[in-house]
Amino acid sequence: KFPHGAFSSQTTQAVGAPATPTLVTFDTEEYKYLTHYTAGNGITFETAGRYNIQFSCQLTNNDANEQDFDIWLRKNGSDVAESNSQFSIPSKHAGVDGHAIAM
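Because the structure is predicted, anything quoted here is derived from the model rather than measured.

Criteria and thresholds
Residues numbered from 1 in each chain as written. Predicted model: local features only at pLDDT ≥ 70, side-chain atom pairs only at ≥ 80, totals over all residues. Heavy atoms only, no water. Helix = DSSP H or I, 4+ residues; strand = E, 2+ residues; numbered from the N terminus. Buried < 20%, exposed > 50% of the residue type's maximum accessible area, 1.4 Å probe, protein only. Contact = heavy atoms within 4.5 Å. Areas by Shrake-Rupley, 256 points an atom, 1.4 Å probe, with all protein chains shown as cover. Lys, Arg positive; Asp, Glu negative; His and termini not counted. Charge placed at Lys NZ, Arg CZ, Asp CG, Glu CD. Phe/Tyr/Trp six-rings, centres within 6.5 Å; stacked < 30°, edge-to-face > 60°. Lys NZ or Arg CZ within 6 Å of the ring centre and 35° of its normal. Pairing = 2+ DSSP bridges.

1. Overview of the overall build of the protein chain
- The number of helices and strands found in the protein chain is 0 helices and 10 strands.
- Each helix and strand of the protein chain, placed in order from N terminus to C terminus, yields the pattern β-β-β-β-β-β-β-β-β-β.
- Counting only C-alpha atoms, the protein chain reaches 50 × 30 × 20 Å along its principal axes.
- Out of the 103 residues belonging to the protein chain, those deemed buried represent 17%.
- Pairs at least 24 residues apart make up 41% of the contacts formed inside the protein chain by residues separated by at least 6 positions.
- Accessible surface for the protein chain amounts to roughly 8100 Å². Of this, 50% is attributable to carbon and sulfur atoms.
- Taking the average place of the 6 positive charges on the side chains of the protein chain and the average place of its 11 negative ones, the gap between the two points comes to 11 Å.

Here you go:
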């Protein structure tokens, strides 16, 4: 078996000020093998290797302007080069928040 895991959260997580990193947190371990999640420290792999890390999250914008959003992978506290994903979240319109799915 290869190390693997699935971690999720059903909690709304607010983003801090622009250009300020905000750690994504999880509250549910769906399953795991040789991996674990620790609040404040992220996901730890118990064995060295190359990993396929996939994510998805729903982004909500309650502002009247479109907002840009960046998601970076961090390793040992530092951003991983070339791991940035950029998203534009539509503005709130007709009283409905703008939404985007980040994958």
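So, next bit.
2. Side note on the packing of aromatic side chains
- According to the stated counting rule, one finds 4 aromatic pairs in the structure shown.
- With a centroid separation of 6.2 Å and 45° between ring planes, the pair formed by F7 and F26 is classed as tilted. Of this pair, F7 sits in strand β1 (residues 4–8) while F26 is found in the loop between β1 and β2 (28–33), placing the two residues 19 residues apart along the sequence.
- The exposure class assigned to F26 is partly exposed, which follows from its relative accessible area of 26%.
- Positioned over the ring face of Y33 is K1, at 5.5 Å from the centre of the ring.

3. A short note on the pairing of strand β9 (residues 85–89)
- The alternating pattern of β9 places S85, F87 and I89 on a buried face, while none of Q86 and S88, on the opposite face, is buried.
- In this sheet, β9 lies alongside strand β6 (residues 67–71) in antiparallel orientation, the contact comprising 5 bridges. Counterpart to Q67 in the pairing with β9 is I89.

These figures come from the coordinates and say nothing about function on their own.
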